[in-house]
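# Coordinate analysis (summary)
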Amino acid sequence: MIIQRVVLNSRPGKNGVPVAENFRLEQSTIADTIQAGQVHVRTLYLSVDPYMLVPQLVNGRLSYFLGAAGITGLTALLGIREKGHVAVGANQTMVVSGAAGACGSLAGQIGRLEGCARVVGIAGTDEKCSILVQEMGFDAAINYKKGNVAEQLRELCPGGVDVYFDNVGGDISDTVISQMNQNSHIILCGQISQYNKDVPYPPPLPPDIEKIQKERNITRERFLVLNYMDKREASILQLCQLIQEGKLKVCMLGGGIPHAPSAAINECRLSKLTFGLESFLGYYFPVTQGCSSSD
């Protein structure tokens, strides 16, 4: 039997960015028959996220547990609940960076469900921004590659920012933090713009931004979802219910095993792939392209 497999060809180095040459797609053969104590395994879904969680199916969709009903969904839900301090009726504005990514697209929807009055996403293409608003229920979205992000934030968040779900770090996060209100909260989910740099985690803020954070009493605490595993079962059940009720929309992509290396590279570069709608809820292979609520 002929199979395809992706192997690690080389490493990018301590401060390097992954490139296609770090991976190698090759063909191999395995026996058509198996011996006692052996099994044949067929890959149905593959996530480039560094985790997998596969309990019961949601509407028969195993792939949901690579994202919306797995660690990704738990990170969005528990991050908002444990670090976001969202209160119904408090008229809070939430901003999500990396809003078209695995946690970001879920976080915006969950922030709305938890009580945020306004949700604004930041993404890297007009296509992503359009999907966030038209399909994911965000009030607005900013393409950070176009125009002035600070000016657009001031226009879209006239009352300032109360909750910031931070997936990216760097210049974008500095811009958001500068417009956050007194006693507001940063959910420190990820710092993907800094992952290929030799810096501590969480990366230190520039002095002027750190001054703003301290003067306005903005919380910025490291969040690790594995510290909340006592809430895992109940939270997964709630995520499954939200998906089944159509309150939490899930997007997935096609591609196949040969695209796994480029998907992994894209996770680090935040750039656009050529085979689909980029990183909505991660990259799962092979699945049908598009968004759904519960189908």
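Below you will find a few notes about this structure. Here the structure is a predicted model, which means the values were calculated and not measured.

## Structural notes on the overall build of the protein
Scanning the protein for helices and strands turns up 8 helices and 12 strands. Burial status across the protein gives 48% buried among its 295 residues. Summarising the internal contacts of the protein: among those between residues at least 6 apart in sequence, 65% fall at separations of at least 24. On the protein, roughly 14300 Å² of surface is accessible, and the fraction owed to carbon and sulfur atoms is 50%.

## Some words on the packing of aromatic side chains
Aromatic ring pairs are defined here through the distance separating the ring centres and the angle between the ring planes. Counted by the stated rule, this structure contains 1 aromatic pair. With a centroid separation of 5.5 Å and 25° between ring planes, the pair formed by Phe 223 and Tyr 228 is classed as stacked. There is no split in this pair, since Phe 223 and Tyr 228 are both buried.

## Focus on unusual backbone geometry
Here the phi dihedral of Asn 183 falls at roughly 60°; this positive angle occurs in a residue that is not glycine. For Asn 183, the location among the structural elements is in strand 8 (residues 180-188). Residue Asn 217 is not a glycine yet carries a positive backbone phi of 55°. With respect to the helices and strands, the residue Asn 217 is situated in the loop between helix 6 (207-215) and strand 9 (219-222).

## Focus on the environment of His 185
The topology assignment puts His 185 in strand 8. Here His 185 is in contact with Lys 83, Gly 84, His 85, Asp 162, Val 163, Tyr 164, Met 180, Ile 218 and Thr 219, once residues within four sequence places are set aside. Among the polar contacts made by the side chain of His 185, one reaches the side chain of Thr 219 at a distance of 2.8 Å.

## Things to note about the pairing of strand 4 (residues 93-97)
Most of strand 4 sits inside the fold, with 5 of its 5 residues counted as buried. Along strand 4, one buried face is formed by Thr 93, Val 95 and Ser 97 and the opposite face, lined by Met 94 and Val 96, is buried too. Sheet topology note: the strand 4/strand 5 (residues 118-123) ladder contains 5 bridges and is parallel. Each residue of the ladder has a partner; that of Met 94, found in strand 5, is Val 119. With helix 2 (residues 102-114) bridging strand 4 and its parallel neighbour strand 5, the resulting β-α-β unit is right-handed. One ladder, built from 3 bridges, connects strand 4 with strand 7 (residues 161-166); its direction is parallel. Each bridged residue has a counterpart across the sheet, and for Met 94 the counterpart in strand 7 is Val 163.

## Re helix 6
Taken as a whole, helix 6 has its buried residues at Ile 209, Ile 212 and Gln 213. Mapping the buried residues of helix 6 onto a view down its axis gives an arc of 100°, with all of them on the same face. Projecting away from the buried face of helix 6 at angles above 90 degrees are the exposed residues Pro 207, Asp 208, Lys 211, Lys 214 and Glu 215. Buried residues belonging to helix 6 abut helix 5 (170-177) and strand 9. Downstream of helix 6 by one or two residues, Asn 217 has phi in the positive range, about 55°.

## What to know about the side chain of Gln 109
Note that Gln 109 resides in helix 2. At 2.9 Å, the side chain of Gln 109 and the backbone oxygen of Ser 105 are in polar contact. Those residues in contact with Gln 109, other than ones at most four positions away along the chain, are Met 136, Phe 138, Lys 247, Leu 248 and Lys 249.

## Overview of the pattern of salt bridges
For the structure on display, the rule yields 10 salt bridges. Across the pair Glu 26 and Arg 24 runs a salt bridge, and its minimum N-O distance is 3.1 Å. With a shortest N-O distance of 2.4 Å, Asp 126 and Lys 146 are connected by a salt bridge. Of this pair, Asp 126 sits in helix 3 (residues 126-134) while Lys 146 sits in the loop between strand 6 (140-143) and helix 4 (149-156), and the two are 20 residues apart along the sequence. By relative accessible area, Asp 126 is classed as partly exposed at 42%. One continuous salt-bridge network, built from bridges that share partners, spans Arg 5, Arg 24 and Glu 26.

How each quantity is defined
- Residues numbered from 1 in each chain as written.
- Predicted model: local features only at pLDDT ≥ 70, side-chain atom pairs only at ≥ 80, totals over all residues.
- Heavy atoms only, no water.
- Helix = DSSP H or I, 4+ residues; strand = E, 2+ residues; numbered from the N terminus.
- Buried < 20%, exposed > 50% of the residue type's maximum accessible area, 1.4 Å probe, protein only.
- Contact = heavy atoms within 4.5 Å.
- Areas by Shrake-Rupley, 256 points an atom, 1.4 Å probe, with all protein chains shown as cover.
- Phe/Tyr/Trp six-rings, centres within 6.5 Å; stacked < 30°, edge-to-face > 60°.
- Polar contact = N/O pair within 3.5 Å; in protein donor to acceptor, adjacent residues only side chain to side chain.
- Pairing = 2+ DSSP bridges.
- Right-handed = clockwise from strand over helix to strand, strands pointing away.
- Arc of directions from axis to C-beta.
- Salt bridge = Lys/Arg side-chain N within 4 Å of Asp/Glu carboxyl O.

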